[in-house]
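If you want the building blocks of each chain, they are given just below.
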2 protein chains.
Amino acid sequence: MRIGNISEEESKHALHNMDDPYSSDPQRHKVLEMHTEKPFNAEPPSSLLIENFYTPKNHLPVPEVDPETYELEIEIEGRTEIKTLRLEDLKKLPKHTISTTLMCAGNRRREMNKVKEVKGLSWSLSAVGNATWTGVRLVDVLKSVGIDDTTQGFHHVHFGGLDSDTANNPYTASIPFYKALDKHGDVLLAYEMNGEPIPRDHGFPIRAIVPGTVGARNVKWLGRIFVAKDECDSHWQQKDYKGVSPSADASTIDLSKLPSIQELPVISAICKPANGESVVVKDGHITVKGYAWSGGGKKIIRVDVTVDGGKEWHVADFDHQENAEPPHHWSWTLWSARIPVAQGQKTVEIWAKAIDSSYNTQPDTIDNIWNFRGFLNNAYHRVKVNLKP
Amino acid sequence: MRIGNISEEESKHALHNMDDPYSSDPQRHKVLEMHTEKPFNAEPPSSLLIENFYTPKNHLPVPEVDPETYELEIEIEGRTEIKTLRLEDLKKLPKHTISTTLMCAGNRRREMNKVKEVKGLSWSLSAVGNATWTGVRLVDVLKSVGIDDTTQGFHHVHFGGLDSDTANNPYTASIPFYKALDKHGDVLLAYEMNGEPIPRDHGFPIRAIVPGTVGARNVKWLGRIFVAKDECDSHWQQKDYKGVSPSADASTIDLSKLPSIQELPVISAICKPANGESVVVKDGHITVKGYAWSGGGKKIIRVDVTVDGGKEWHVADFDHQENAEPPHHWSWTLWSARIPVAQGQKTVEIWAKAIDSSYNTQPDTIDNIWNFRGFLNNAYHRVKVNLKP
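Computed from a predicted structure; not experimentally measured.

### Topic: the pattern of salt bridges
Then, in step 1: For the structure shown, the criterion picks out 35 salt bridges over all chains.
Then, in step 2: Among the ionic pairs, Arg108 of chain A bridges to Glu111 of chain A, the shortest N-O distance being 2.8 Å.
Then, in step 3: Accessibility expressed as a relative area gives 0% for Arg108 of chain A, which makes it buried.
Then, in step 4: Among the residues examined, Glu111 of chain A registers a relative accessible area of 18% and is labelled buried.
Then, in step 5: Notably, a salt bridge pairs Asp89 of chain B with Lys92 of chain B, separated by 4.0 Å at the nearest N-O pair.

### Examining the side chain of His35 of chain B
All names here are of chain B.
Then, in step 1: Note that His35 resides in strand E1 (residues 33–36).
Then, in step 2: Among the polar contacts made by the side chain of His35, one reaches the side chain of Glu43 at a distance of 2.6 Å.
Then, in step 3: For His35, the contacting residues outside a window of four places in its chain are Asn41, Ala42, Glu43, Arg110, Leu121, Ser122, Trp123 and Ser124.

### Here's the deal with the sheet that holds strand E15 (residues 285–293) of chain A
All names here are of chain A.
Then, in step 1: The four strands lie next to each other as E13-E15-E19-E18, forming an open sheet whose pairing is antiparallel. This sheet does not close on itself; its edge strands, each paired only once, are strand E13 (267–272) and strand E18 (317–320). Within this sheet the neighbouring strands show an average axis-to-axis angle of 35 degrees, counted without direction.
Then, in step 2: Pairing analysis gives three bridges linking E18 to strand E19 (residues 333–340), with the strands arranged antiparallel. The residue bridging Phe318 from the neighbouring strand is Trp335, located in E19.

### Quick look at the interface of chain B and chain A
Then, in step 1: In this assembly, 45 residues from chain B lie in contact with 45 residues from chain A.
Then, in step 2: Across the chain B to chain A interface the summed buried area is about 3,200 Å²; carbon plus sulfur atoms make up 49%.
Then, in step 3: On the chain B side of the interface with chain A, the three residues burying the most area are Tyr359, Asn360 and Asn368 of chain B, jointly 21% of the side's total.
Then, in step 4: Where chain B meets chain A, there are two salt bridges.
Then, in step 5: With its nearest N and O atoms 3.3 Å apart, the salt bridge here joins Lys183 of chain B to Asp149 of chain A.
Then, in step 6: Where chain B touches chain A, the interface holds 17 residue pairs in polar contact (both at pLDDT 80 or more).
Then, in step 7: Broken down by class, the residue content of the side of chain B that touches chain A amounts to 19 nonpolar, 15 polar and 11 charged.

### A word on the nonpolar core
For soluble globular proteins, the rule of thumb is that nonpolar side chains tend to be buried together.
Then, in step 1: In this structure, Leu142, Val157, Phe159, Leu189, Leu222, Ile225 and Tyr291 of chain A are the most contacted members of the largest nonpolar core, which totals 59 residues.
Then, in step 2: Sorting elements by how many residues they give to this core places helix H5 (residues 138–143) of chain A first, with four residues.
Then, in step 3: Once residues lying within four places of it in the same chain are set aside, the contact partners of Ile225 of chain A are Leu72, Glu73, Ile74, Glu75, Leu138, Leu142, Val157, His158, Phe159 and Leu189 of chain A.
Then, in step 4: If you look at the next biggest cluster of nonpolar residues, it comprises 58 residues, including Ile76, Val187, Val214 and Ile267 of chain B.

### Looking at the UniProt feature "domain: Moybdenum cofactor oxidoreductase dimerisation" (unreviewed entry) in chain A
Then, in step 1: Mapped onto the present numbering, the UniProt feature "domain: Moybdenum cofactor oxidoreductase dimerisation" (unreviewed entry) falls on residues 260–386 of chain A.
Then, in step 2: The span residues 260–386 of chain A is 0% helical and 43% strand by assignment, and the distance between its end C-alpha atoms comes to 41 Å.

### Structural notes on the domain arrangement of chain A
Residue and element names in this part refer to chain A.
Then, in step 1: In terms of domains, chain A is made up of domain 1 (71–257) and domain 2 (267–388).
Then, in step 2: Domain 1 and domain 2 are separated by 28 Å when their C-alpha centres are compared.
Then, in step 3: Taken together, the contact between domain 1 and domain 2 spans 40 residues of the former and 32 residues of the latter.
Then, in step 4: Across the domain 1 to domain 2 interface the summed buried area is about 3,000 Å²; carbon plus sulfur atoms make up 61%.
Then, in step 5: The three residues of domain 1 that bury the most area against domain 2 are Arg108, Met112 and Leu125, which together make up 22% of that side's buried surface.
Then, in step 6: At the boundary of domain 1 and domain 2, one finds one salt bridge.
Then, in step 7: We note a salt bridge from Arg373 to Asp240, for which the minimum N-O separation is 2.2 Å.
Then, in step 8: Summed over the shared surface of domain 1 and domain 2, the result is 24 residue pairs in polar contact (both at pLDDT 80 or more).
Then, in step 9: Going through the elements one at a time, strand E5 (95–103), helix H4 (109–115) and strand E6 (128–137) are the ones with two or more residues in the side of domain 1 that touches domain 2.
Then, in step 10: No other element matches the five residues that E5 contributes to the side of domain 1 that touches domain 2.
Then, in step 11: Among the residues forming the side of domain 1 that touches domain 2, the class breakdown is 16 nonpolar, 13 polar and 11 charged.

### Points about the environment of Arg373 of chain A
Residue and element names in this part refer to chain A.
Then, in step 1: Among the structural elements, Arg373 can be located in the loop between strand E20 (347–356) and strand E21 (381–388).
Then, in step 2: Looking at Arg373, the relative accessible area reads 15%, which means it is buried.
Then, in step 3: With sequence-adjacent residues up to four places away left out, Arg373 is seen in contact with Arg109, Val118, Lys119, Gly120 and Asp240.
Then, in step 4: In terms of polar contacts, Arg373 uses its side chain to reach the side chain of Asp240, at 2.2 Å.

### Quick word on the sheet that holds E21 of chain A
What links the strands of a sheet is backbone hydrogen bonding, and the strands pair in either a parallel or an antiparallel sense.
Residues and elements named next belong to chain A.
Then, in step 1: Strand order in the open sheet formed by five strands is E14-E21-E20-E16-E17, and the pairing between neighbours is mixed. On the outer flanks of this sheet lie strand E14 (278–280) and strand E17 (314–315), each paired with one strand and no other.
Then, in step 2: Alignment of E14 against E21, held across three bridges, turns out to be parallel. Residue pairing in the sheet places Val279 in a bridge with Leu387 of E21.

### Focus: the pairing of strand E21 (residues 381–388) of chain B
All names here are of chain B.
Then, in step 1: Side chains His381, Val383, Val385 and Leu387 project from E21 onto a buried face, and the interleaved Arg382, Lys384, Asn386 and Lys388 project onto a face without burial.
Then, in step 2: In this sheet, E21 lies alongside strand E20 (residues 347–356) in antiparallel orientation, the contact comprising six bridges. By the bridge assignment for E21, Trp351 is matched with Arg382.

### Let's talk about the relation of the copies chain B and chain A
Then, in step 1: Of the transformation superimposing chain B on chain A, the axial component is 0.0 Å and the angular component is 180 degrees, with the fit at an RMSD of 0.0 Å. In short, the pair behaves as if placed about a two-fold rotation axis. No C-alpha of chain B lies nearer the rotation axis than that of Pro363 of chain B, which sits 2.0 Å from it.
Then, in step 2: With an isologous cut-off of 70% or more, the 100% of interface residues of chain B that recur at the interface of chain A puts this contact in the isologous class.

### Section: the packing of aromatic side chains
Then, in step 1: This structure, assessed with the given rule, holds 14 aromatic pairs over all chains.
Then, in step 2: Here the aromatic rings of Phe154 of chain A and Phe177 of chain A are separated by 6.5 Å at their centres, their planes lie at 35 degrees, and the arrangement is tilted. Highlighted residues: Phe154 of chain A in the loop between H5 and strand E7 (156–164) and Phe177 of chain A in helix H6 (residues 177–181), separated in sequence by 23 residues. As far as the burial class goes, Phe154 of chain A and Phe177 of chain A line up, both buried.
Then, in step 3: Aromatic side chains Trp351 of chain B and Tyr380 of chain B sit 6.1 Å apart centroid to centroid with 50 degrees between the ring planes, which places their arrangement in the tilted category. Of this pair, Trp351 of chain B sits in strand E20 while Tyr380 of chain B sits in the loop between E20 and E21, and the two are 29 residues apart along the sequence.
Then, in step 4: On the basis of relative accessible area, Tyr380 of chain B is assigned to the buried category, the value being 2%.
Then, in step 5: Taken together, the aromatic side chains of Trp313, Trp351 and Tyr380 of chain A make up a single cluster linked through ring pairs.
Then, in step 6: The ring of Trp351 of chain B has Arg382 of chain B sitting right over it, with the charged end atom 4.0 Å from the ring centre.

Calculation notes
Residues numbered from 1 in each chain as written. Chains lettered and ligands numbered in written order. Predicted model: local features only at pLDDT ≥ 70, side-chain atom pairs only at ≥ 80, totals over all residues. Heavy atoms only, no water. Salt bridge = Lys/Arg side-chain N within 4 Å of Asp/Glu carboxyl O. Buried < 20%, exposed > 50% of the residue type's maximum accessible area, 1.4 Å probe, protein only. Helix = DSSP H or I, 4+ residues; strand = E, 2+ residues; numbered from the N terminus. Polar contact = N/O pair within 3.5 Å; in protein donor to acceptor, adjacent residues only side chain to side chain. Contact = heavy atoms within 4.5 Å. Pairing = 2+ DSSP bridges. Axes fitted to C-alpha atoms, helices over the stretch in contact; angles between N-to-C directions. Buried area = accessible area lost by both parts, 1.4 Å probe. Nonpolar A, V, L, I, M, F, W, Y, C, P; charged D, E, K, R; others polar. Core = buried A, V, L, I, M, F, W, Y, C linked by side-chain atoms within 4.5 Å. UniProt positions renumbered as here; feature names shortened; annotations may be inferred. Domains from an automatic or database assignment. Least-squares fit on C-alpha atoms with pLDDT ≥ 70 in both. Phe/Tyr/Trp six-rings, centres within 6.5 Å; stacked < 30°, edge-to-face > 60°. Lys NZ or Arg CZ within 6 Å of the ring centre and 35° of its normal.

Structure representation (structure tokens):
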């Protein structure tokens, strides 16, 4: 069941505030917990998340793009010709649909912040969403400009958005050449989300969809593709989405020397019950629901849940899982588990961990993966609840 | 520096014991710690491991294969024709060399056994080795029988060895079709190991090399390839190399319903100092060395080491790492770290954890990944040592 979608609530403001670059942003659903208004970053309650709610996460103001005049530029490093494609040109290429989960590297940052303060928006566990995307394959578009996976000399493909910051710089990011040119990699230039034109908050009219890869590389309002030798030099590529050691010093570490986050690790979260909730015990059991996902096209093969600190682990049932095989399995797995609790027990702490098709699993604790940016929190999710007999 | 290689010690027994199927096994290096003699399973001391020692691990007696009469059979399910290739036919195909780590799913089982008893040989941390392998690509061989990655209807490629058990059944295993047919997947039919014909213990004359994938699918003494709809039905594919929940009951679980282990998760180990060793403190520091690796072609991007239970993590230096980019990075990373220790401290416990290019990292504890078969122990490696001033 779909509870809501941002586009349903979308409407233009009657009057624009000309001094505010965010004044023409779309209106958003009231249920969203807002982290920043400008740019808009908000997440739905975790209980709605697994009912198909789509989290908007933006770096810059939402641009107003006219589909009639929209153009996508494609440039190859070292070549002078720039190819431009209009929306109708793109739509003439073979149509392809995939279902994929997109996740922010800052998902579950709030828990990390509780261990020790981190920098960044306080995302709970809903900086993630799952949707179907329809569009054209990037491999087909690049083939039309003479680039395929045998082309030598290029290592990265850059995406530039039509949004821009106050200095008029667009949002940009890049992905490795192998991912862009992998014919099974399913990188799309999407023009539909869940069968409808992409809502403005999600990248209308074209969004780069890079399944299995951190949300930040799935560039919205796509305006430019650049095939290059080097990685994109933007702030977001070089100084932001990076993983560091728990002991890394924010003031001295040179983030630009570290590999950028692309594929995300295996993760899971408990969506129902929420932390602190009171749960009715039925026939000596409680029911726990959540999501699990792994980047890089890996499939979730098991979710283990415990309510006694790991003495006994219960294997969760899968309520929803796509059939796609790894390493081309892009969507999350929704799971539930019915767990026995001891009679008279007043509270329990529920832990969940997922195992993916490469048998990677989650780290036990946040303490040992903590990092000052609060990225990549894939430690066991732990939720304390009160039990009602 | 290479300390030793099994082949150097190899010589034929003067007399065969006709009643013993293992009587013609090669002789092995004396430094190896033997886990079983028949079939031969042994590992070198961890201190020698990172100096390039190759661990022999066999499921069945080592066959004597005459390279003059050797034939590889290739069969496609549903087709009557069986193609046979002689060694010289294989060598006519394009030659390809890769460097890869091969690891047993039971590596580091000994530590898991200490938490609670498991079934299986008590491998320490040396059920792993790194070597270069030269041969022909499986994709080229399969192309010669009309199979490529666009061929529909097949999901697995089986490998059969020329070894056999007492009931005359060969060792067999299978890998997913996508891995076998991935032109960047580097699956080889290898005829050389480190530039020499493959030693008998390692698969002479042909071994299937499936980089990034558990050792058990890298079938030695390869005699047959079978392109099939279904996975191989052998004991080793269906009832052995599987991952299960910590609470799975050995007597009731149906292992054949679980996905077989293919790609292995991220792992690291401390090779020097060994557990219980006395270490000289120099200028207030100790030096720690080890390996780190991840399956599926992922590259190690960081190794963190702590001697104070995670209060401070030190980023290790990489002493050896291949240049290959993920997801085609097959070899381990050898690392070292110089760690400060408090003056007067008598003992320390060293922990190491690796992070790979998908930002997966190791679980903190064995307790929560324990399984009755003792597979997939990729928890932090922890080594207690005495400090000598």
